[in-house]
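Tertiary structure, described
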Amino acid sequence: MQPIDFRSDTVTRPSAEMRRIMVSAEVGDDVFHDDPSIDHLEHYAAELLGFEAALFAPSGTQTNLIALLVHCQRGDEYLVGQDAHTYKYEGGGAAVLGSIQPQPISNQPDGSIALTDIAAAIKPDDFHFARTRLLALENTIGGKVLPLDYLGAAEKLARSRGLSLHLDGARLFNASVKLGIDAQQITRHFDSVSVCMSKGLGAPVGSLLLGSRDFIHAGRRWRKMLGGGMRQAGILAAAGEYALQNNVQRLAEDHANAALLANGLAQVPALKVTLPQTNIVFVDVAAEHAEKFAKHLAANNILVTGSTRQRWVTHLDVDRAQVETALRIAHEYFDVN
Ligand SMILES: *Cc1c(COP(=O)(O)O)cnc(C)c1O
């Protein structure tokens, strides 16, 4: 049996149709600004998400870092959730490479950062403090969708205090599809947005940074400095554009599969399942079963991450029948034990 891979929505492989489009993509040297496929993707994405300009980069880690480097100078600080990818899972890049101080703030159970906490963390203009410049939010965060009215309120607060706003929208479209809205209803609250095409959208490589023309112009310099100036990468951009055009609305299937999976696992008393809003299911496994259950899944070619706290992620390379197979295998373990 082929493995059924729930480890992440990054494990998807380009489809035959996507590969066909990659093969025929027109390319040139993008450092000379000569790659028509990258150019086309950047224009397409900027228009799609309501920005003046966009920048194609190898990863979401790099687009987030570029954004922080453009928004903040040495000695500035950004406000960010304690659980945010930008803060927690990107090697501390903003501090290491930008001399930018993170001010992490606890995330609320719904993934937001409380407005009162944001207000309290903004430093006065005093040479004892780093200069607070930016509020960075993430949506979806841990698979949770930030409420639209929260985004409006956070923007209002940030603007009133002279802060810019960045969105880590690695899974932006999971949020917009879940809410049944145009993604611009989310992105319009931000000065810059980072989006991954290499997660649930199924492209092999690639993220986009969106912002004003000046912002992206400054970002292009940082991208080169960080080693993200790629040459005939139009092959990848073509995959990314295909992903944006064909694989957004279908994220609803991943959400439905995650719900099916969660409800099935929740029938097991030894599993405490957090019902998912989008495509990520967290499962707390009773300690006495954790290791053996993980082994049982692995032995049956079901791949997940974690043992006492498992993460199951649905994506376009896992269909409903495979979710049902995985559930049958999971239930098998608990029927015998
Ligand atoms: C995956 C992810 C990123 C980084 O993307 P890479 O392309 O893996 O560097 C950033 N933010 C969030 C929320 C992510 O899930």
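Every residue gets a number counted from 1 within its own chain, in the order that chain's sequence is written. The predicted nature of this model means local features are confined to residues of pLDDT at least 70 and side-chain atom pairs, given and counted, to a pLDDT of 80 or more, with totals for whole chains, interfaces and linings taken over all residues. Note that the side-chain values use all heavy atoms of the structure and ignore hydrogens as well as water.

**Let's talk about the layout of surface pockets**
For the largest pocket, the calculated volume is near 720 Å³. Cavity and pocket criteria rest on a 1 Å grid covering protein atoms alone: a 1.4 Å probe that fits but cannot get out defines a cavity, protein on both sides within 12 Å along at least 5 of 7 lines defines an open pocket, and an atom within 4 Å of a point defines a lining residue. The wall of the largest pocket is formed by 32 residues, among which Asp-83, Tyr-89, Glu-138, Ile-141 and Gly-142 lie closest to the centre. If you list the elements that add at least two residues to the lining of the largest pocket, you get helix H3 (60-71), helix H4 (85-88), strand S7 (192-196), strand S10 (280-285) and strand S12 (309-313). Working definition: helices are DSSP H or I runs of at least four residues, strands are E runs of at least two. Numbering for both runs from the N terminus. At 3 residues, the largest contribution of residues to the lining of the largest pocket is made by H3. Grid points are joined across faces, edges and corners, and a volume is the space filled by probe spheres set on the points.

**Remarks on the site of the ligand**
Close to the ligand lie Ser-59, Gly-60, Thr-61, Asn-64, His-85, Glu-90, Glu-138, Asp-168, Ala-170, Arg-171, Cys-196 and Lys-199, which account for all nearby residues. Identification of polar contacts relies on pairs of N or O atoms within 3.5 Å, with a donor-acceptor requirement for protein atoms, meaning one able to donate a hydrogen and the other able to accept it, and with residues adjacent in sequence counted only if both atoms are side-chain atoms. The side chain of Asp-168 places a nitrogen or oxygen atom 2.6 Å from a nitrogen atom of the ligand. In this structure, an oxygen atom belonging to the ligand sits 3.1 Å away from a side-chain N or O atom of Arg-171. The element that contributes the greatest number of residues to the shell around the ligand is H3, accounting for 3 residues. Here the term charged refers only to Asp, Glu, Lys and Arg, the term nonpolar to Ala, Val, Leu, Ile, Met, Phe, Trp, Tyr, Cys and Pro, and the term polar to all other amino acids, Gly among them. Looking at side-chain class alone, the shell around the ligand contains 2 nonpolar, 5 polar and 5 charged residues. We call a residue near a molecule or strand whenever a single non-hydrogen atom of that residue lies within 4 Å of it.

**Quick notes on the sheet that holds S10**
Here the rule is simple: two strands pair whenever DSSP picks up at least two bridges between them. The sheet built from 3 strands is open, its strands ordered S9-S10-S12 with antiparallel pairing. The open sheet has two edge strands, strand S9 (271-274) and S12, and neither has a second partner. Neighbour to neighbour, the strand axes of the sheet diverge by 25° on average, direction disregarded. Taken together, the 4 bridges between S9 and S10 define a ladder with antiparallel strand orientation. In the strand pairing of S10, Val-273 is matched with Val-283. Its contacts with the sheet place helix H12 (residues 251-265) against S9, S10 and S12, and it is angled at close to 15° to S10. Every axis corresponds to a line fitted to the C-alpha atoms, with the helix fit spanning only the stretch in contact, and the corresponding angles, defined between N-to-C directions, vary from 0 to 180 degrees. When checking whether two residues touch, look at their non-hydrogen atoms; a contact exists if any pair is within 4.5 Å.

**As for the packing of helix H2 (residues 36-49) against helix H11 (residues 234-246)**
Two numbers describe how H2 lies on H11: the axes approach to 8 Å, and their chain directions differ by 30°. It follows that H2 is roughly parallel to H11 by the angle criterion. Considering only the axes of H2 and H11, their crossing is left-handed. Contacts between H2 and H11 involve Ser-37, Ile-38, His-40, Leu-41, Tyr-44, Ala-45 and Leu-48 from the former and Gly-234, Ala-237, Gly-240, Glu-241, Leu-244 and Gln-245 from the latter. Working definition: roughly parallel below 35 degrees, roughly antiparallel above 145 degrees, roughly perpendicular at 65 to 115 degrees, and oblique for all remaining angles. In this scheme the crossing of two helices becomes right-handed for a clockwise turn of the near helix relative to the far one and left-handed for an anticlockwise turn of less than a right angle.

**Quick word on the environment of Ile-329**
Its place among the elements puts Ile-329 in helix H14 (residues 320-336). Buried, partly exposed and exposed residues are distinguished by accessible area as a fraction of the type maximum, computed with a 1.4 Å probe on protein chains only: under 20%, between the cut-offs, and over 50%, respectively. On the basis of relative accessible area, Ile-329 is assigned to the buried category, the value being 5%. Separated by 234 residues in sequence, Ile-329 and Ala-95 have C-alpha atoms that sit 44 Å apart.

**Comments concerning the side chain of Thr-140**
Positionally, Thr-140 belongs in the loop between strand S5 (131-138) and helix H7 (148-160). You can call Thr-140 buried: its relative accessible area is 4%. Apart from residues lying up to four places away in sequence, Thr-140 is in contact with Val-145, Arg-171, Asn-174, Ala-175 and Thr-278.

**Description of H14**
Every α-helix carries 3.6 residues per turn, so stepping three or four residues along brings you back to the same face. Taking 1.5 Å of rise per residue, the 17 residues of H14 would be expected to cover 24 Å, and the 25 Å separating its terminal C-alpha atoms lies within 8% of that figure. Taken as a whole, H14 has its buried residues at Val-323, Thr-325, Ala-326, Leu-327, Ile-329, Ala-330, Tyr-333 and Phe-334. Turning to H14, the residues buried within the fold contact strand S1 (4-5), H12, S9, helix H13 (287-299), strand S11 (302-303) and S12. Regarding H14, its N-cap is Asp-319, as a side-chain oxygen of that residue lies 3.3 Å from the backbone nitrogen of Ala-321 further along. Given a helix with a known number of residues, its expected span is that number minus one, times 1.5 Å.

**What about the state of the cysteines?**
Pairs of cysteine sulfur atoms within 2.5 Å are what we label disulfides. All chains considered together, the criterion is met by 0 disulfides. Free of any disulfide, Cys-72 has its nearest cysteine sulfur in Cys-196, 20 Å distant. On the basis of relative accessibility, which here comes to 7%, the residue Cys-196 falls in the buried class.

**Brief notes about unusual backbone geometry**
Here the residue pair Asn-139 and Thr-140 is connected by a cis peptide bond, since its omega of 0° sits within 30 degrees of zero. In this model, His-33 sits at a positive phi of 65°, which is unusual for a non-glycine residue. By relative accessible area, His-33 is classed as partly exposed at 42%. At Ser-99, a residue that is not glycine, the phi angle is positive and equals roughly 50°. Summarising the element assignment, Ser-99 is placed in the loop between helix H5 (93-98) and strand S4 (101-105). The class of Ser-99 is partly exposed, set by a relative accessible area of 37%.

**Overview of the sheet that holds S4**
Sheets are built from strands paired through backbone hydrogen bonds, the pairs being either parallel or antiparallel. As summarised here, the arrangement of the 7 strands in space is S2-S8-S7-S6-S5-S3-S4, forming an open sheet in which the pairing is mixed. Because the sheet does not close on itself, it has two edges, and the strands there are strand S2 (53-57) and S4. Each strand of the sheet is rotated relative to its neighbour by a mean of 20°, with strand direction disregarded. Sheet analysis places strand S6 (residues 164-169) next to S7, joined by 4 bridges and oriented parallel. When the bridges of S7 are listed, Leu-167 appears paired with Val-193. Against the sheet, H7 touches S5 and S6, its axis set at about 170° to S5. Packed onto the sheet, helix H10 (residues 213-225) meets S2, S7 and strand S8 (207-211) and runs at close to 20° relative to S2.

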